[in-house]
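# Observations on the model geometry
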Amino acid sequence: MRYLFFPLTLLLCFTLNVPAFAQQPPNVILLIGDGMGVPQVSSAFYFGEGTPHFQRFTKIGLVKTNSVSNKVTDSAAAATAIATGVRSYNRAISVSPDTVAVPTILEQLREEYGYRTGLVSLTSITHATPACFYAHVADRDQHEDIAAHLVGSGVDFFAGGGLDYFRRRSDGRDLYRELAAQGYRLDSLQLSAADPDRKNGYLLAPESLPSKVEGRGDFLPDAARMGLDYLSHQEAPFFFMVEGSYIDWAGHAENDTMLIREVADFDKTLGILLDYVEEHPNTLLIVTADHETGGVSLAKSYHSQVVFGQRKEIPDEVAVSFNSNQHSAELVPIFAKGAGEDHFPGIYQNNEIFTRLLRAVRTEQ
Ligand SMILES: [Zn+2]
């Protein structure tokens, strides 16, 4: 009987899929271009220098974005669908249509697999897109409540704006101090070097950071690189969400220069994330959008004067044109690279991004 014991244990290990034989679940990086439809991505191919990093993907799909309340979604309902797998109403922050909190991908990966977590945004960190990963409130404008949820969230690294919702609150609480008391190293002035052994938070503006045309500089690529360095410093896998927020705002402002520069900044950030995935194969990078903004198209470009009642086309130019200053119902692209990338090509509803992410994590480990 003693001689039988060892092979029997081995056999049991194989049949039960004992964790000692499994590899660590993959890191997940989610890069969200707020308002980034196919036309916005296309702008990188006509206005940038060199080949856009978008072209490095081979696994691509399209995503339907409508919410349960509106054909044209807002960022809150879309981010709720992506973050929780549950479709909800416009303005919902990771709550179901009957306003019940739904666990987010960030929360699930941390609780089930011990992921470390990070969030980067160009808006207030309490704005709809980042908020949907850690907060649960009925309306996106509850910025002070959302900020309070961040304090209890255990997120390891965050960078963005929104300092006022932590320090200048109607209830008198100083959340900045509460975060510090929980051991966070905080900076409200600059992206100073992260402390690898503590949680780190950067709240660099009272509300949103400036846009590229207003002089934001390299905050987005720098924060992405810093977050990756920090999160990969420890053994545990990580979940890292980065949002290029101003592509949406360029659509609302119907500002072509702003759109082109924000997409270029996004693509530069994408290059850093793709390099990381190529060097760390047990990582999954997903790039997508919550919705398109502006009904943008890259249309023919014309000379400003009209000659004999006809506008004259400039044959070697295209122009960014806007159909409205609002979100649209267009399908948005999704790109995947790395561990589990095969789960993402296709055409599907935005809440399936969540399901496919979880499936990818579970099958790749
Ligand atoms: Zn918007």
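Up top is the structure these notes are about.
Rules behind the numbers
- Residues numbered from 1 in each chain as written.
- Predicted model: local features only at pLDDT ≥ 70, side-chain atom pairs only at ≥ 80, totals over all residues.
- Heavy atoms only, no water.
- Donors = N, O, S within 2.8 Å, 3.2 Å for Na, K, Ca; no water.
- Tetrahedral: all angles 85-135°; square planar, octahedral: opposite > 155°, others 65-115°.
- Helix = DSSP H or I, 4+ residues; strand = E, 2+ residues; numbered from the N terminus.
- Buried < 20%, exposed > 50% of the residue type's maximum accessible area, 1.4 Å probe, protein only.
- Pairing = 2+ DSSP bridges.
- Axes fitted to C-alpha atoms, helices over the stretch in contact; angles between N-to-C directions.
- Contact = heavy atoms within 4.5 Å.
- Polar contact = N/O pair within 3.5 Å; in protein donor to acceptor, adjacent residues only side chain to side chain.

### Things to note about the coordination of the zinc ion
Ideal geometry at a metal gives 109.5 degrees between four tetrahedral donors and either 90 or 180 degrees between six octahedral ones. The protein atoms that coordinate the zinc ion are Asp 248 (OD), Asp 248 (OD), His 252 (NE2) and His 327 (NE2), at distances spanning 2.1 to 2.3 Å. Taken together, the 4 donor atoms coordinating the zinc ion span angles of 57 to 149 degrees at the metal, a pattern that classifies the geometry as irregular. Of note, the donors binding the zinc ion are all from one chain and are spaced D-x3-H-x74-H. Residue Asp 248 and its partner His 252 are located together in helix H10 (residues 246-253), separated by 4 residues, close to a single helical turn. The exposure class assigned to Asp 248 is buried, which follows from its relative accessible area of 4%. Among the residues examined, His 252 registers a relative accessible area of 31% and is labelled partly exposed.

### Quick word on the pairing of strand E13 (residues 332-338)
The side chains of a regular strand alternate, residue by residue, between the two faces of the sheet. For E13, the tally of buried residues reaches 6 of 7 residues, placing the bulk of the element in the interior. With 5 bridges joining them, strand E2 (residues 59-64) and E13 adopt antiparallel strand pairing. Across the sheet, Gly 61 pairs through a bridge with Ile 334, a residue of E13. The pairing of strand E8 (residues 283-288) with E13 spans 5 bridges and is classified as antiparallel. Across the sheet, the residue bridging to Ile 286 is Ala 336, located in E13.

### Examining the sheet that holds strand E3 (residues 116-124)
Spatial strand order, E5-E6-E4-E3-E7-E1-E8-E13-E2-E14: 10 strands in an open sheet with mixed pairing. In this open sheet, the two edge strands, each paired with only one partner strand, are strand E5 (184-187) and strand E14 (346-349). In this sheet, adjacent strand axes meet at a mean angle of 15 degrees when their direction is disregarded. Looking at chain direction, strand E1 (residues 27-33) and strand E7 (residues 238-244) are connected through 6 bridges and run parallel. Within E7, the residue paired with Leu 30 across the bridge is Met 241. Of the strands in this sheet, E1, E2, E8, E13 and E14 are in contact with helix H12 (residues 351-364), which crosses E14 at around 115 degrees.

### Describing the side chain of Asn 27
Here Asn 27 lies in strand E1. What makes Asn 27 buried here is its relative accessible area of 11%. Among the polar contacts listed, one links the side chain of Asn 27 to the backbone nitrogen of Phe 238, at a separation of 3.0 Å. With residues near it in sequence (within four places) discarded, Asn 27 still touches Tyr 115, Pro 237, Phe 238, Tyr 276, Asn 282, Thr 283 and Leu 284.

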